[in-house]
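The residues making up each chain are set out below.
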Amino acid sequence: MVARITTGTSIGGVLEYNEKKVTQSVASLLYAGGFPRDADRLSFKSKLGVFHKLTSENIRTKANTMHISLNFSPKDMLDDEKLIRIAKDYMQGIGFGGQPFLVYQHYDAAHPHIHLATVTITDEGLRLPTHNIGRTMSSKVRKEIEASYGLIRVEGVQKQKREQSFQAKPIKLERVVYGTVGTRDAIFGIVGEVVKSYKFCSLQELNAVLNQFGIRADAGRPGTRMHRNGGLIYALIDENYQRVGSAINASLVDGKPTLKHLRKRFVANSLSRRPYGQRLKYLLDKARSGSSSKDEMEQLLHKQGIRVIFRKNSEGNIFGVTFIDNATRVVYNGQDLGEKYSVRHFLAPFLTVIEQNKEHATVTTAGTELHKSNVNMVSNAVKEVRAEHNQQKDTISETEPRTVTAPVKVPASELPVIETIKDTLYYDDERQQRTKLLHEKKKDLRKDMEMGL
């Protein structure tokens, strides 16, 4: 844990900084200590009022504000409750336990971190000492907290910086259109960048990312030599997610991203992606509960670089959901984020928002499982959403400003926020092609028999 302490003259400025982060959906208020109401019932004015009441007791002290950030390793196992306990212990340890303070959790970096806002003036008008507080008190308290909560020990700012968030590489990630670029160059460039920079924990999650850029990875049919040896091939796909062109063996790609080697990454990524999962869950919750319409929900997710991918089987039934955060380059299967993000629980409130303006639509969520009829309805509804999204995108004039614009260009930002894809494998394509050929031969044979040939 690394603690950074800043003193200043404006508690209002500190509050505005953190509240702006909350408005931008990259922070949330976790706890309000020493306030007359719970955190979720405090307005900006009431927060500022409590602090101003204290600072007015000692107008001679100009440096009356303290802003602290507590930074943790991505490997630390932290939830909201533990972060609040750590904040309380830290404030008590540095002698500010009796002061009102606010705890904000920020999601704008790869490592977990919280911000504490308080003032140095007590209700008796006394100024709490802050001179050399980092060296005399904070360092000792930090080490005690690390030991007490089993946190990763970070001895110095430079080591913490090495654990910080992903820095985007200059390689351009965009959807490949077959015939407009060399197959080999496209696969080498995109697969190499995705494997290196995205955090995924299964082949299905890897494919969710690659599909955005017109590529698919296949491990071959179970029982084949390639499947047994942990091999993998990469191929381009068209707009219908069907394979086009020739495939490239994974062993030829830089880094040799075969399934055997990728499994090692699955384990490492399952730990390193956890801090990003907090941001993703926060934004998904905000989109589902805080949006009054489907458009508003899509705007929020689009601005944050998040895509929702529903997966359907060959019968057209939705059976899973995958979330891709292209801003932080993290992929999560819904179930891995938590039960409430599994397709069974995520669809009900999601479709309620989508369909609330459609008079003919009804959403049923009885029982603990989706029946086949409900799943078919979901599949059709998501298709309508995608068609409506594309229609709206096509009707925007050249002079009209876009209302859905990501603040930072992220990969796949030109694609629909919500998409439904068919979950297929390489050998499924082969089987479909053989079946189609067989049907054509039978059809020709019937015609020959009818003609008496």
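Above this note sits the structure.
Every value quoted in this text rests on a predicted model; they were computed, and no experiment measured them. (Residues numbered from 1 in each chain as written. Predicted model: local features only at pLDDT ≥ 70, side-chain atom pairs only at ≥ 80, totals over all residues. Heavy atoms only, no water.)

Participant: Is there a simple way to think about the pattern of salt bridges in this case?
Facilitator: Note on pairing: side chains with opposite charge can pair once their charged atoms come close. Scanning all chains against the criterion turns up eleven salt bridges. Its salt-bridge partner being glutamate 193, residue lysine 196 comes within 4.0 Å of it at the nearest N-O pair. One end of the pair, lysine 196, and the other, glutamate 193, are both in helix α6 (residues 183-197), three residues apart, so they sit about a helical turn from each other. Assessed through its relative accessible area of 1%, glutamate 193 is described here as buried. We note a salt bridge from arginine 329 to glutamate 193, for which the minimum N-O separation is 3.0 Å. Here arginine 329 is found in the loop between β10 (318-325) and β11 (330-333), whereas its partner glutamate 193 is found in helix α6, with 136 residues between them in sequence. Residue arginine 329 shares its accessibility class with glutamate 193, and that shared class is buried. One salt-bridge network, held together by shared partners, links Glu193, Lys196 and Arg329. (Salt bridge = Lys/Arg side-chain N within 4 Å of Asp/Glu carboxyl O. Helix = DSSP H or I, 4+ residues; strand = E, 2+ residues; numbered from the N terminus. Buried < 20%, exposed > 50% of the residue type's maximum accessible area, 1.4 Å probe, protein only.)

Participant: Where do I start with the side chain of asparagine 207 in this structure?
Facilitator: Mapped onto the fold, asparagine 207 is located in helix α7 (residues 203-212). Filtering out sequence-adjacent residues up to four positions away, asparagine 207 remains in contact with Arg216 and Ala217. (Contact = heavy atoms within 4.5 Å.)

Participant: What am I meant to see in the packing of aromatic side chains here?
Facilitator: What characterises a pair of aromatic rings is the spacing of the ring centres plus the angle enclosed by the ring planes. For the coordinates displayed, the defined rule picks out four aromatic pairs. Taking the centre distance of 5.9 Å and the plane angle of 55° together, the rings of tyrosine 31 and phenylalanine 101 count as tilted. Of this pair, tyrosine 31 sits in strand β2 (residues 27-33) while phenylalanine 101 sits in strand β4 (residues 101-106); the two residues are 70 residues apart in sequence, bridging distant segments of the chain. Here phenylalanine 101 falls in the buried class, since its relative accessible area comes to 4%. For the ring pair phenylalanine 200 and phenylalanine 266, a centre distance of 6.1 Å and an interplane angle of 75° mean the geometry is edge-to-face. In this pair, phenylalanine 200 sits in the loop between α6 and α7 while phenylalanine 266 sits in helix α9 (residues 259-272), placing the two residues 66 residues apart along the sequence. Just above the ring of tyrosine 332 sits the side chain of arginine 273; from NZ or CZ to the centre is 3.8 Å. (Phe/Tyr/Trp six-rings, centres within 6.5 Å; stacked < 30°, edge-to-face > 60°. Lys NZ or Arg CZ within 6 Å of the ring centre and 35° of its normal.)

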